[in-house]
Amino acid sequence: EPTSSLTLSETERLLQVVGELREHGVGVIYISHRLGEIEIIADRVVGLRDGRNAGGLAKEEIRHDAMVRLMVGRNLERQTVTDAREADRTARLSVRSLQTQRYPGRTVSFDVASGEIVGLAGLVGAGRSEVARAIFGVDAALSGEITVDGKHVHIRSPRDAIAHGVYLIPEDRRGAGLVVDMTIRENVTLPDLPHFATAGLIRRDDERQAAGKAARDLNVKAPSVEMMVGNLSGGNQQKVVLGRWLSLQPKVLIFDEPTRGIDVGAKAEIYELMRRLAKEGVAILMISSDMEEILGISNRVAVMHEGRLTGILDHDQASEQSVMQLAVGGGQGQLAAPEGAAANGDERHTR
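Described in the following lines is the structure provided in the data block. Treat the numbers as computed from the prediction; the structure is a model and nothing was measured.

1. Regarding the packing of aromatic side chains
Counted by the stated rule, this structure contains two aromatic pairs. For the pair F136 and W245, a centre-to-centre distance of 6.3 Å together with 75° between the ring planes defines the contact as edge-to-face. Placement of F136 in helix α4 (residues 128-136) and of W245 in helix α9 (residues 234-246) is noted, with a sequence separation of 109 residues between them. A single burial state applies to F136 and to W245, both of which are buried. Each ring, one from Y167 and one from W245, has its centre 4.7 Å from the other, and the planes form 10°; the classification is stacked. Of this pair, Y167 sits in strand β8 (residues 166-169) while W245 is found in helix α9, placing the two residues 78 residues apart along the sequence. Residue W245 is classed as buried on the basis of its relative accessible area, which comes to 6%.

And the structure:
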């Protein structure tokens, strides 16, 4: 996964270097879930599925759909944008003049409606994860107001965010989203542990029942809920992170790089879960560096550059070109901003 945290220009340069190495007789094994890169540079493809060789493709056979079939054993439908509920466009999450420690002096304002998926795009270092961490209370915001369902909330810690129905699926799921040396059961029930305890003693049968239901609902592939989370695949680990929040009836879910390092089959399942949650009225903010992901399932796309919001695009305005123009700090064109908020934060701080 050599390009998982690289910008587009850095990725292009890496692919050039790989090509130069090949011209000098170096053999290269290139492992990636980004199938577009494989199409560009590969002379042959070997697909793996469940730890076994699922087949190979010659140069002339390398296509996106053919690689998907090798990896998941079937065709996958292309992901389409979730239909936001037109009847309810009231902001469920409203962020005003949020100022993070990474970019003091620059503010961010946006809304996410009930049943809407807003994609947050930008280059590495744009400040997207810092916004998510500030909303969830992991990092203290320097200033700003957060409103949930029209009510101003004070979030000073993740405990405060959880109390208001705001949950974060972090980018580093192993380091920040899970306790990898605990079981699926323990991870799923951890945020609501008092609910499974009597006089300070945990009712493990109730834990197993709740965790088992979450695992079935999310199609977690594991022999039992007593399996250690650290032994699961990336896609199944992500489902466990989701499972711990879904039982708590979320109002707002923030996904930070939800499918990084996950195979295409698990990606499709995560997208379907996100669409289902949106249909149930959850407001979803999705941070992603995957352009296809941003354009494919977002109702609107908000773009950041160096700590400020450079624009918000409706789905029919969003394209790779328009998003990248905003991501590098370019002109804003026809942009949609939340009522009462500037799309680009504080213009006095624009470089």
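2. As for the side chain of E207
The topology assignment puts E207 in helix α8 (residues 204-217). E207 sits in the buried class, given a relative accessible area of 3%. A distance of 2.6 Å separates the side chain of E207 from the side chain of R185, its partner in a polar contact.

3. Some remarks on the environment of M227
In this fold, M227 is placed in the loop between α8 and α9. Looking at M227, the relative accessible area reads 22%, which means it is partly exposed. C-alpha separation for the pair M227 and T183, spaced 44 residues apart in sequence, amounts to 5.2 Å. When residues no more than four places from it in sequence are discounted, the contact partners of M227 are M182, T183, I184, A222 and L232.

4. Regarding the layout of surface pockets
Put simply, the largest pocket is a space of about 1300 Å³. Forming the boundary of the largest pocket are 41 residues, of which S32, V46, G47, L48 and M71 lie nearest the centre. Elements that contribute at least two residues to the lining of the largest pocket include exactly α1 (8-23), α2 (35-41), β1 (45-49), α3 (64-72), α9 and α10 (264-279). A total of five residues in the lining of the largest pocket trace back to one element, the largest contributor, which is β1. For the lining of the largest pocket, a count of residues per class yields 19 nonpolar, eleven polar and eleven charged.

What counts, and at which threshold
- Residues numbered from 1 in each chain as written.
- Predicted model: local features only at pLDDT ≥ 70, side-chain atom pairs only at ≥ 80, totals over all residues.
- Heavy atoms only, no water.
- Phe/Tyr/Trp six-rings, centres within 6.5 Å; stacked < 30°, edge-to-face > 60°.
- Helix = DSSP H or I, 4+ residues; strand = E, 2+ residues; numbered from the N terminus.
- Buried < 20%, exposed > 50% of the residue type's maximum accessible area, 1.4 Å probe, protein only.
- Polar contact = N/O pair within 3.5 Å; in protein donor to acceptor, adjacent residues only side chain to side chain.
- Contact = heavy atoms within 4.5 Å.
- 1 Å grid on protein atoms, 1.4 Å probe; cavity = no way out; pocket = protein on both sides within 12 Å on 5 of 7 lines; lining within 4 Å.
- Points joined across faces, edges and corners; volume = space filled by probe spheres on them.
- Nonpolar A, V, L, I, M, F, W, Y, C, P; charged D, E, K, R; others polar.

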